[in-house]
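# Structure assessment
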Amino acid sequence: MLANTRVHISKGNGPNLVLFWEDDSPFSNFNPANFQVRDHEKLIEFRFSEQYFMYQKSIFANDPLSAEKVLKADEPLKMKKIGRALKMSREDLDRWSTVSRDVMYRACLEKFFQSEPHRISLFRTHGMNLVEASPFDKVWGIGLSKDDQRAENPETWMGTNWLGQVLDRVREELWERNEFRADREKVEAEDLQTRVHFLENV
């Protein structure tokens, strides 16, 4: 089993969980996935969902220079640092927190819509809950690592798992789209054991 994903199959009435965090997980915002988004009249190329998120945060902060730096950056960690360095008031940050999940939803929707390998991986989590098992993030993640036993029970999480919730929402929307019927049928033909094997060895 690779280190990036662990699937927890509930023995009771709890949800089956797909615990992920590392950059090589297809569900990570740091995982490479080329996609395009039209911004006004311009078609912009993105290489990471993190890049889209930090680009939009820069635009929200009225900082076009930082937005350009995000687009030119070659690594997602650099993009994240640019976004964190934006000059935003407490009021700005509060307003950003009210829209940030919608921005992340758009980033993930475009990523998984446009990248077939990522979408197949996402579809294999159907019927499960995605969980960003980041021990360092209590907002987008759960504040626990995927190997922490407390990560297996949502009641003992230390964070809100916003990213997992966004990914679940994206998956359900794409799952219902007719253009992805073949992808859906491919996954439906796999038993749970096969899906878990793919998810843990992606």
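The residue count restarts for each chain, going from 1 along the sequence in the order it is written. Given that this is a predicted model, residues contribute local features only at a pLDDT of at least 70 and side-chain atom pairs are listed and counted only at 80 or more, while totals for whole chains, interfaces and linings are drawn from all residues. Remark: hydrogens and water are excluded; side-chain values derive from all non-hydrogen atoms of the structure.

## With respect to the pairing of strand 1 (residues 5–8)
Selection criterion: Residue exposure (1.4 Å probe, protein chains only): buried if accessible area is under 20% of the type maximum, exposed if over 50%, otherwise partly exposed. A helix here means a DSSP run of H or I that spans at least four residues, while a strand means a run of E at least two residues long, and both kinds are numbered starting from the N terminus. One bridge is not enough; two strands pair if DSSP finds at least two bridges between them.
Side-chain alternation along strand 1 places Thr-5 and Val-7 on one buried face and Arg-6 and His-8 on a second face that is also buried. Sheet analysis places strand 1 next to strand 2 (residues 17–20), joined by four bridges and oriented antiparallel. Following the sheet pairing, His-8 is matched in strand 2 by Leu-17.

## Digging into the UniProt feature "domain: NADAR" (unreviewed entry) in the protein
Which entries qualify depends on this criterion: UniProt positions are given in the numbering used here, feature names are shortened, and annotations may be inferred rather than shown by experiment.
Within this structure's numbering, the places UniProt gives as "domain: NADAR" (unreviewed entry) are residues 20–175. Helix and strand shares over residues 20–175 are 49% and 10% respectively, and the end C-alpha atoms of the span are 21 Å apart.

## A short note on the sheet that holds strand 5 (residues 129–132)
Definition in use: Angles shown run from 0 to 180 degrees and are taken between the N-to-C directions of axes, each axis being a line fitted to C-alpha atoms and, for helices, limited to the stretch in contact.
Pairing within the open sheet is mixed, and its three strands lie in the order 1-2-5. On the outer flanks of this sheet lie strand 1 and strand 5, each paired with one strand and no other. Strand-to-strand twist in this sheet, taken as the mean axis angle between neighbours without regard to direction, amounts to 20°.

## Structural notes on the nonpolar core
One recurring pattern in soluble globular proteins: nonpolar side chains tend to sit buried together. Using the following cut-off: In plain words, nonpolar cores are sets of buried Ala, Val, Leu, Ile, Met, Phe, Trp, Tyr and Cys residues tied together by side-chain atoms within 4.5 Å. The contact definition used throughout considers only heavy atoms, calling two residues in contact when any of these lie within 4.5 Å.
Counting 46 residues, the largest nonpolar core has Phe-27, Phe-46, Cys-108, Phe-112, Leu-167 and Val-170 as the members making the most contacts within it. Excluding anything up to four places from it in sequence, Phe-46 contacts Ala-33, Asn-34, Phe-35, Val-37, Gln-51, Tyr-52, Tyr-55 and Leu-71. Grouped together as the second largest cluster of nonpolar side chains are eight residues, Leu-17, Leu-19, Ile-142 and Trp-157 included.

## A look at helix 8 (residues 192–200)
Counted only if it meets this: Each C-beta atom gives one direction from the helix axis, and the arc is the one those directions make.
Within the span of helix 8, buried status applies to Arg-195, Val-196, Leu-199 and Glu-200. Along helix 8, the residues classed as buried sweep out an arc of 120° about the axis, all on the same side.

## Quick word on the side chain of Asn-31
Stated precisely, the cut-off is as follows: Pairs of N or O atoms are called polar contacts if they sit within 3.5 Å, as long as, within protein, a hydrogen donor faces a hydrogen acceptor (for residues adjacent in sequence, only side-chain-to-side-chain pairs).
With respect to the helices and strands, the residue Asn-31 is situated in the loop between strand 2 and strand 3 (35–39). Overall, the relative accessible area of 10% leaves Asn-31 in the buried class. Within the structure, Asn-31 has its side chain in polar contact with the backbone oxygen of Ser-25 (distance 3.4 Å). Beyond its immediate sequence surroundings of up to four residues, Asn-31 is in contact with Asp-23, Asp-24, Ser-25, Pro-26, Arg-47, Phe-48, Lys-111 and His-118.

## Describing the pattern of salt bridges
Stated precisely, the cut-off is as follows: Counted as salt bridges are all cases of a side-chain nitrogen of Lys or Arg within 4 Å of a carboxyl oxygen of Asp or Glu.
Under the criterion given, the structure shown has 16 salt bridges. Here Lys-146 ties to Glu-22 by a salt bridge, and the two come within 3.1 Å at their closest N and O atoms. One end of the pair, Lys-146, is in the loop between strand 5 and helix 6 (162–175); the other, Glu-22, is in the loop between strand 2 and strand 3, with 124 residues separating them in the sequence. Assessed through its relative accessible area of 8%, Lys-146 is described here as buried. A single salt-bridge network, built from bridges that share partners, covers Arg-6, Asp-147 and Glu-152.

## Regarding the packing of helix 1 (residues 49–60) against helix 3 (residues 76–84)
Two quantities define a packed helix pair, namely the angle between the helix axes and the distance between the axes. This is how the line gets drawn: For classification purposes, angles smaller than 35 degrees are called roughly parallel, those larger than 145 roughly antiparallel, those between 65 and 115 roughly perpendicular, and all remaining angles oblique. Helix crossings are classified by the rotation of the near helix relative to the far one: an anticlockwise turn of less than a right angle makes the crossing left-handed, while a clockwise turn makes it right-handed.
With their axes 9 Å apart at the nearest point, helix 1 and helix 3 run at an angle of 20° to one another. The orientation of helix 1 relative to helix 3 falls into the category roughly parallel. The crossing of helix 1 and helix 3 is left-handed. Between helix 1, through Glu-50, Gln-51, Met-54 and Lys-57, and helix 3, the contact on the second element is made entirely by Pro-76, Met-79, Lys-80, Gly-83 and Arg-84.

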